[in-house]
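Observations on chain architecture
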Amino acid sequence: MKAAVLIQRWYRRYVARLEMRRRYTWNIFQSIEYAGEQDQLQLSSFFSFMLDNFTQLNGNGPDLISQLLDPVVDPWLDRETCYNLIPVPESYTGPRLSFPLSVSDTNALLSAFKEQQTLHARYVLQLLYETKKLLKQMPNIIHLSTSYTKEITICGDLHGRLDDLLLIFYKNGLPSAETPYVFNGDFVDRGKKSIEVVILLFAYLLLYPDYMHLNRGNHEDHIMNLRYGFTKEVMQKYKTHGREILQLFQDIFSLLPVATVIDGKILIVHGGISDQTDLDFLSSIERHKVGGNKQMRSTDSSRPSSSRNSAASISSSSSSSSSSSSLCSPRTPSCLSPRPCPFSPSMPYTVNVLQVPFLDSLSSVPPPSPPQHEREWKQVVDILWSDPKTQDGCSPNTFRGGGCYFGPDVTQRLLLQHGLQLLIRSHECKQEGYELCHGGQVITIFSASNYYEEGSNRGAYIKLGRELVPRFYQYQVSRTTRKLTLTQRVRAAEGSALRALKEKLFAHRSELLAGFQQYDLNNTGSVSVSEWAQVLESVLRLDVPWRTLRPHLTRLAPDGSVEYQSCFEDMGPGIPLPQVTPNLAETLFRYRTDIEIIFNIIDKDHSGLISTEEFRHTWRLFSAHLGVDIDDRAIDDLARSIDFNKDGSIDFTEFLEAFRVVHKLDNKDQQLNGKT
Amino acid sequence: MAENKQSAEAIVSDVHKKIRAAFEAFDFESNNTVDAREISTIVYSLGCFPFQKDLHDFISQVEENHSGYVHLDKFLPAMTKVLMEHKFPPIPEDLLLQAFEVLDKEKKGYLEPEELTKYMTQEGEPFTQEEMDEMLTALADHEKNHIYYKDLISQLTIDPDM
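Computed from a prediction, not measured in an experiment: that's the story for all the values here.

A word on the overall build of chain A
Within chain A, the secondary structure is distributed over 24 helices and 21 strands. Long-range pairs, those at least 24 residues apart, make up 74% of the contacts in chain A with a sequence separation of at least 6. A total of about 26300 Å² of accessible surface is found on chain A, and carbon and sulfur atoms cover 51% of it.

Concerning the confidence of the model for chain A
Residues and elements named next belong to chain A. On average, residues of chain A carry a pLDDT of 76, and 70% of them reach 70 or more. Averaged pLDDT values for the elements of chain A fall to 30 in helix α12 (residues 311-324) and rise to 98 in strand β3 (residues 181-183). Confidence drops under a pLDDT of 50 for residues 54-72, and excluding neighbours within four residues, the segment shows 38 contacts in the predicted structure. When the criterion is pLDDT under 50, residues 664-676 qualifies, and its contacts beyond four places in sequence or with other chains add up to 19 contacts.

A short note on the environment of N184 of chain A
Residues and elements named next belong to chain A. Along the chain, the position of N184 falls in the loop between β3 and α6 (194-207). Taking C-alpha positions, N184 is 5.5 Å from H270, a pair spaced 86 residues apart along the chain. The contact partners of N184, leaving out residues within four places of it in the chain, are C155, G156, N215, I268, V269, H270, I424, R425 and S426. Separated by 2.8 Å, the side chain of N184 and the backbone oxygen of V269 make a polar contact. Side chain to side chain, N184 and S426 meet in a polar contact 3.0 Å long.

So, the pairing of strand β2 (residues 152-155) of chain A
Residues and elements named next belong to chain A. In β2, alternate side chains face the same way, and those of I152 and I154 on one face and T153 and C155 on the other are all buried. Pairing geometry for β2 and β3, over 3 bridges, is parallel. Paired with I154 across the bridge in β3 is V182. Handedness of the crossover joining β2 and β3 through helix α5 (residues 162-172) is recorded here as right-handed.

Thoughts on the UniProt feature "domain: EF-hand" (unreviewed entry) in chain A
Residues annotated by UniProt as "domain: EF-hand" (unreviewed entry) correspond here to residues 507-542, 590-625 and 630-665 of chain A. Secondary structure across residues 507-542 of chain A comprises 67% helix and 6% strand; the distance between its end C-alpha atoms is 14 Å.

Examining the domain arrangement of chain B
For chain B, the assigned domains read domain 1 (2-84) and domain 2 (93-156). Distance between the C-alpha centres of domain 1 of chain B and domain 2 of chain B: 30 Å.

A few points about the domain arrangement of chain A
One can read the domain layout of chain A as domain 1 (75-285 + 382-475), domain 2 (486-569) and domain 3 (572-675). Taking the mean C-alpha position of each, domain 1 of chain A and domain 2 of chain A sit 39 Å from one another.

Focus on the pattern of salt bridges
All names here are of chain A. In total, this model carries 22 salt bridges over all chains according to the counting rule given. Residue E428 pairs with R425 through a salt bridge whose shortest N-O separation is 2.7 Å. By relative accessible area, E428 is classed as buried at 11%. Within the structure, one salt-bridge network assembled from shared partners comprises D387, R425, E428, K430 and E435.

A short note on the sheet that holds strand β6 (residues 266-268) of chain A
Residues and elements named next belong to chain A. Spatial strand order, β1-β5-β6-β10-β12-β11: 6 strands in an open sheet with mixed pairing. Looking at which strands have only one partner, the edges of the open sheet turn out to be β1 (141-144) and β11 (434-437). Pairs of neighbouring strands in the sheet enclose a mean axial angle of 20°, with direction left out of account. Relative to strand β12 (residues 442-445), strand β10 (residues 422-425) is paired through 3 bridges, and the arrangement is parallel. Looking across to β12, one finds that R425 is bridged to T444.

Structural notes on helix α6 (residues 113-122) of chain B
All names here are of chain B. Turning to α6, its buried residues are P113, E115, L116, Y119 and M120. Seen along its axis, α6 keeps its buried residues to an arc of 160°; they face one direction. Residues of α6 that are exposed and point more than 90 degrees away from the buried face comprise E114 and Q122.

What to know about the state of the cysteines
Residues and elements named next belong to chain A. In total, this model carries 0 disulfides over all chains according to the counting rule given. You can see C394 has no disulfide; the closest cysteine sulfur is in C404, sitting 3.5 Å from it. Free cysteine: C429, not disulfide-bonded; nearest cysteine sulfur from C437 at 15 Å. The class of C429 is buried, set by a relative accessible area of 5%.

Overview of the interface of chain A and chain B
Between chain A and chain B, the residue contacts involve 44 residues of the former and 54 residues of the latter. Between chain A and chain B, a total of about 4700 Å² is buried, with carbon and sulfur atoms accounting for 64% of that surface. It is R9, W10 and R12 of chain A that lose the most area in chain A upon contact with chain B, and together they represent 18% of the buried surface on that side. Linking chain A with chain B are 2 salt bridges.

Thoughts on the environment of A138 of chain B
Topologically, A138 of chain B is positioned in helix α7 (residues 129-139). Overall, A138 of chain B belongs to the buried group, its relative accessible area being 12%.

A short note on helix α3 (residues 52-62) of chain B
When we look at burial in α3 of chain B, the residues that qualify are Q52, L55, F58, I59 and V62 of chain B. Viewed along the axis of α3 of chain B, the buried residues span an arc of 120°, placing them on a single side of the element.

Quick look at unusual backbone geometry
Residue and element names in this part refer to chain A. Between F99 and P100 the backbone carries a cis peptide bond, its omega angle lying at -5°. Residue position: P100 is located in the loop between α2 (60-68) and α3 (103-114). Of note in this structure, N450 is not a glycine but carries a positive phi near 50°. Mapped onto the secondary structure, N450 falls in the loop between β12 and β13 (459-464). Relative accessible area serves as the criterion here: at 10%, N450 is assigned to the buried category.

What to know about the UniProt feature "domain: EF-hand" (unreviewed entry) in chain B
All names here are of chain B. The positions that UniProt labels "domain: EF-hand" (unreviewed entry) are, in the present scheme, residues 14-49 and 91-126. In residues 14-49, the share of helix is 50% and the share of strand is 8%. The end C-alpha atoms are 20 Å apart. Secondary structure within residues 91-126 divides into 58% helix and 0% strand; the distance between the first and last C-alpha atoms comes to 18 Å.

A short note on the packing of aromatic side chains
Following the criterion strictly, the structure yields 26 aromatic pairs over all chains and no others. Consider the rings of F100 of chain B and Y149 of chain B, whose centres lie 5.4 Å apart with planes at 0°: the pair is stacked. In this pair, F100 of chain B is assigned in helix α5 (residues 93-103) and Y149 of chain B in helix α8 (residues 149-157), connecting sequence segments 49 residues apart. This pair shows no difference in class: F100 of chain B is buried, exactly as Y149 of chain B is. Through successive ring pairs, a cluster of aromatic residues spans W26, F29, F446, Y451 and Y452 of chain A. The ring of F51 of chain B has R9 of chain A sitting right over it, with the charged end atom 3.7 Å from the ring centre.

Reading guide: rules and limits
Sequence order as written defines the numbering, with residues in each chain counted from 1. Throughout, the order in which chains and ligands are written sets their labels, letters from A for the former and numbers from 1 for the latter. Where local features are concerned, this predicted model is filtered to residues with pLDDT of at least 70; where side-chain atom pairs are given and counted, the filter is 80 or more; whole-chain, interface and lining totals use all residues. Hydrogens are left out, water is left out, and the side-chain values use all remaining heavy atoms of the structure. Helix and strand definitions follow DSSP, with helices as H or I runs of at least four residues and strands as E runs of at least two, each counted in order from the N terminus. When checking whether two residues touch, look at their non-hydrogen atoms; a contact exists if any pair is within 4.5 Å. The method behind every accessible area is Shrake-Rupley, applied with a 1.4 Å probe, and residues are considered shielded solely by the protein chains displayed. pLDDT is a per-residue confidence score from the predictor, ranging from 0 to 100. Nitrogen and oxygen atoms within 3.5 Å of one another constitute a polar contact, given that in protein one can donate a hydrogen and the other can accept it, and given that sequence-neighbouring residues count only through two side-chain atoms. Each residue gets one of three labels from its accessible area relative to the maximum for its type: buried under 20%, exposed over 50%, partly exposed in between, using a 1.4 Å probe on protein chains only. Any two strands with at least two DSSP-identified bridges between them are counted as paired. Looking down the strands as they point away from the viewer, one classifies a crossover as right-handed if the path from the first strand across the helix to the second runs clockwise. UniProt positions are given in the numbering used here, feature names are shortened, and annotations may be inferred rather than shown by experiment. Residue ranges for the domains trace back to a domain assignment, done automatically or taken from a database. Should a side-chain nitrogen of Lys or Arg be within 4 Å of a carboxyl oxygen of Asp or Glu, the pair is scored as a salt bridge. Under this scheme, a helix contributes an axis fitted over its contacting stretch, all axes are lines through C-alpha atoms, and angles between N-to-C directions fall in the 0 to 180 degree range. To obtain the arc, one takes the directions from the helix axis to the C-beta atoms. Note on terminology: disulfide denotes any pair of cysteine sulfur atoms within 2.5 Å. Buried area: the accessible area, evaluated with a 1.4 Å probe, that two parts lose upon being put together, summed over both parts. Pairing of aromatic rings covers Phe, Tyr and the six-membered ring of Trp, with a centre-to-centre limit of 6.5 Å; geometry is then stacked below 30 degrees between planes, edge-to-face above 60, and tilted otherwise. Only lysine NZ and arginine CZ atoms are considered, and such an atom sits over a ring when it is within 6 Å of the ring centre and within 35 degrees of the ring normal.

Laid out in structure tokens, this is it:
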């Protein structure tokens, strides 16, 4: 009896400790994920910066800019499609689709994707073309009724995890009149099988337009796709026709419905709502003209929520806010002046940033009234980006940088106003795959299991019958056969979270060192634990418990102080680059993703090569935008040194590979000493 | 660095920092509030070994009028008091081994899952079915399905630093 209590208390303490560690790990992943979203805003403000400043660049400026921008195409219009001219070779063993699609086509797709086959570009293009045609007929808000079907299944974020989608189909049945589905956005990005996931969803949409319903997520956006992997995946899988495919995806994404309502009682949207969400207004807008992503960027770039705390962020945000501080005025400075602007009318409100029209394309679009469009995009951004909070009220979502946090009172009001009883949303990873909040009035559903790391979370879907009582089904895709214990799961996730954190430390080394040295006036190489934590907090701006993580990141001196150099140990660049100055190298580490995105835009044919001239110009603009002080000579040297065969073009994929932080765990003394 | 580590003030401030860090891990909206259901995890993770009854008393003491939430303003002083006065003192590790040995009546060196389940769910402060399942997955040997408790002591007691 006494023995039992003793074991129970020890065991409960053991579980609590594990739970605490799991919590910390979760917080690290989430902080880093949201910091990435803020970087995305930063990049958009770079685009604004380029547009604002291109007139001042002599000679090469406009060229470069025009390269960054596609000619404007209204997604509503049909692009010239020539899929039927693309030959499919005899040797192609993948599925051959015939339109209109039948069950045998979707079955063929399913089994082909299970076998790791790729669908031929010809069929991809035709399928997208048909999808676009269908979506144009759809309203912004889809209304469904349970009176025609037994039950409706609702799934959350999939993020390119084909295994999760296949598991859902296996457990719950393929889409059909008996098994209708709603997929609540974020089909693509992050996972390696985004194209397969989204092709399957579209194929079922074409097959059963009345039983398959797709809501748009914040990742159904081509700027997000540049950072989070979908663009890259498409270009890798479709070398020749990738660009056409991406353009069609871009159109389709902007044509996806943004909300679904079941029986007039249950509202399903990807992110959430705000205190200004008005469903009647939302259903009246022309959704394809609302460039949600871009506009969100412009407002947020003026918010001081940057994750980078150098002077750069101040200068960059102020430079971009000059153009975007006002939602009513488009991004170019000339439009801030009262005189009529030659190209103000349509651009920022109607298209995404990369489509901003230039000069000649404008005449075709009648100028809309800005306030109307401002309202429209805010409505859409709030729907796609918001998260619930437990306290009353509605506040800007500074953590993500877009949308808002909405409290129970906001939910209550919206539900009452529209006679609804429940809000189902996705957008946030939950450990159990679903979560209830706002007294059960809001459900979060997330369908990508192991989202952060093998074992990090379960996926789930919801089934709703006529009585409208949601039932939850959980699952976890597993590569290993044996069930991992809680300890093992926590340890695996913890390891990769710490690695991610260490990379962050490494990429900000100079700033951190400068911070430590402020406290280390006698150059002892150590500072107190609380000083160490303070420096990390102020430089990295990540919401993680540094003090608690300290033992995993750095060594203590015998007197209990932190030997701060030790937090950069075990890390180094992938390839030693003697010709690169430490200052430049660090900048490259830090902005690797951003630079890759820009290079990819410049590299229109996705050959992986850009000219040395383009490289120089991009880099100069980018460093000016960031306010990073790197002199031109260093950039020239860098350009010259990486043009290995001196043909004037740069293989930037290889180049950026050198700027991946690697973990050199076995090799502690090989520490790269940049700041000496 | 020249802090006088001996002073009582320094100790209290150190305790405060530990409590805050544990609390913040569950403060999802950074508004100094956590769900009352998380309190037991926080208390245990701070190295305390409360009885369930003590724990419930403590929670009702810090909870905001049955709202289901606990605010840091109330939690911090209460928890500091607990830690400073060693209210829920740690149980020495050797007692844990002895406790297993008491349950292992035939001195086999291990326990059958059924034995352990009986003790854990029917005596003392009984485990829920969920707790019991998790305990068996975590502790039972995968091949023989026995609980070799001697090997487990270290797993249960090692302080993982975080």
